[in-house]
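Residues per chain are reported as follows:
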Amino acid sequence: MSESQDLRIPVGISRCLLGEEVRYNGGHKLSRFCRDQLSKWFRYVDTCPEVEIGLPVPRKAMRLVATDRGTRVLQIDDDSKDFTDALAGLAEQKKDSLERLCGFIFMQKSPSCGAFRMKVYHPKGHIDSTDGRGAFAEQVMLRYPNLPVEEAGRLMDAPLRENFVTRVFVYQEWRELLRCEPRKKDIIEFHSRHKYLLLARSQRHYKLLGRLLARAGNLSMATLVQRYETLLMDGMRRVAGRAGNTNALQHMQGYLKKVLNSEQKAELVQLIDSYRKGEVPMIVPLTLLRHYESLAPDYYRRQKLLAPHPKELGLYNEV
Ligand code: SF4
């Protein structure tokens, strides 16, 4: 199947996560969740930065080291071997492919691919800090700050998994909209479909985006697009907790006031409250909200909160 016929979302991934034996020790770090489940919706664009800068498999291990030239990727047994610039430069070489991505799944704890809380060593060997980032991952995140990024290890955590997959789907839809040269009213329409998904994550961003769109008429299209995307993806990065989701569910419930009888309303109120208390997962009240879709106004039916990701992934079963 050619790239243009493949409707899956393009997502970057560290190659070892797909089971390829490209690690420094000749092994891999297969993520079954990525390979077997997410791959039904994500078309992977895999990268092994260390192999792509010409290093062999196997190869000597490297680590992040705090030096007077900043954080560097150095070979552990020979710190004259510095791979930082080559790894960082790879992001420039691969920019045509990176620009098309709607997400990136990195391998954790790698001096090239680690995206969060990497150990940075002092030249004498002890740990200097734990806020490092792999040299390739850092470049990708600097160049594409709105790109949804996650580490495979963190995808084992249900709320982080739900958050990342939702972000990829939202970002893909946003990019799709931009490809169609949208007018301001199209952005407002996009926002109206995503507002409760956003509200669940951040009331602050929900308000800021509302204000931004209220003065959309005074902004150039380029400014509006840039500010909207930045705020949207920043808000979506927040993980929706029970309080945020409950708030969003209650807003949705408000649209059903006139169409449900008192018994149905009481059942819905009780399920949302059970969710709030942690007695049932998000899928329970949401299933009931979806059940009433046909009775609800059009605005309600278009809300992404009802189905932000494929139900086969079961992401709302665990949050
Ligand atoms: S973590 Fe990155 S650089 Fe290391 S083997 Fe995996 S893909 Fe290659």
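Residues numbered from 1 in each chain as written. Predicted model: local features only at pLDDT ≥ 70, side-chain atom pairs only at ≥ 80, totals over all residues. Heavy atoms only, no water.

## Notes on the sheet that holds strand E2 (residues 42-47)
Pairing within the open sheet is parallel, and its 4 strands lie in the order E2-E1-E6-E9. Edge positions in the sheet fall to E2 and strand E9 (149-151), since each has one partner strand and no second. Across the sheet, the mean angle separating the axes of adjacent strands is 25° when strand polarity is ignored. Bridge count for strand E1 (residues 9-14) against strand E6 (residues 104-106) is 2 bridges, and the pairing is parallel. Following the sheet pairing, Ile13 is matched in E6 by Ile105. Here helix H5 (residues 135-143) sits on the sheet in contact with E2, E6 and E9, set at roughly 155° to E6. Its contacts with the sheet place helix H6 (residues 158-179) against E1, E2, E6 and E9, and it is angled at close to 150° to E9. (Pairing = 2+ DSSP bridges. Helix = DSSP H or I, 4+ residues; strand = E, 2+ residues; numbered from the N terminus. Axes fitted to C-alpha atoms, helices over the stretch in contact; angles between N-to-C directions. Contact = heavy atoms within 4.5 Å.)

## Focus on the domain arrangement of the protein
Taken as a whole, the protein is organised into domain 1 (9-152) and domain 2 (157-319). With centres defined by C-alpha atoms, the gap from domain 1 to domain 2 works out at 32 Å. Every contact between the two is made by 20 residues of domain 1 and, on the other side, 17 residues of domain 2. Counting the surface lost from both domain 1 and domain 2, the interface buries some 1,600 Å², and carbon and sulfur atoms represent 71% of this. Interface area lost by domain 1 to domain 2 is led by Trp41, Asn146 and Pro148, which between them contribute 38%. Counting the contacts that link domain 1 with domain 2 gives 0 salt bridges. On the surface where domain 1 and domain 2 come into contact, there are 5 residue pairs in polar contact (both at pLDDT 80 or more). Mapped onto the side of domain 1 that touches domain 2, the elements with two or more residues apiece are E1, helix H1 (32-37), E6 and E9. Taken together, the residues of the side of domain 1 that touches domain 2 sort by class into 14 nonpolar, 3 polar and 3 charged. (Domains from an automatic or database assignment. Buried area = accessible area lost by both parts, 1.4 Å probe. Salt bridge = Lys/Arg side-chain N within 4 Å of Asp/Glu carboxyl O. Polar contact = N/O pair within 3.5 Å; in protein donor to acceptor, adjacent residues only side chain to side chain. Nonpolar A, V, L, I, M, F, W, Y, C, P; charged D, E, K, R; others polar.)

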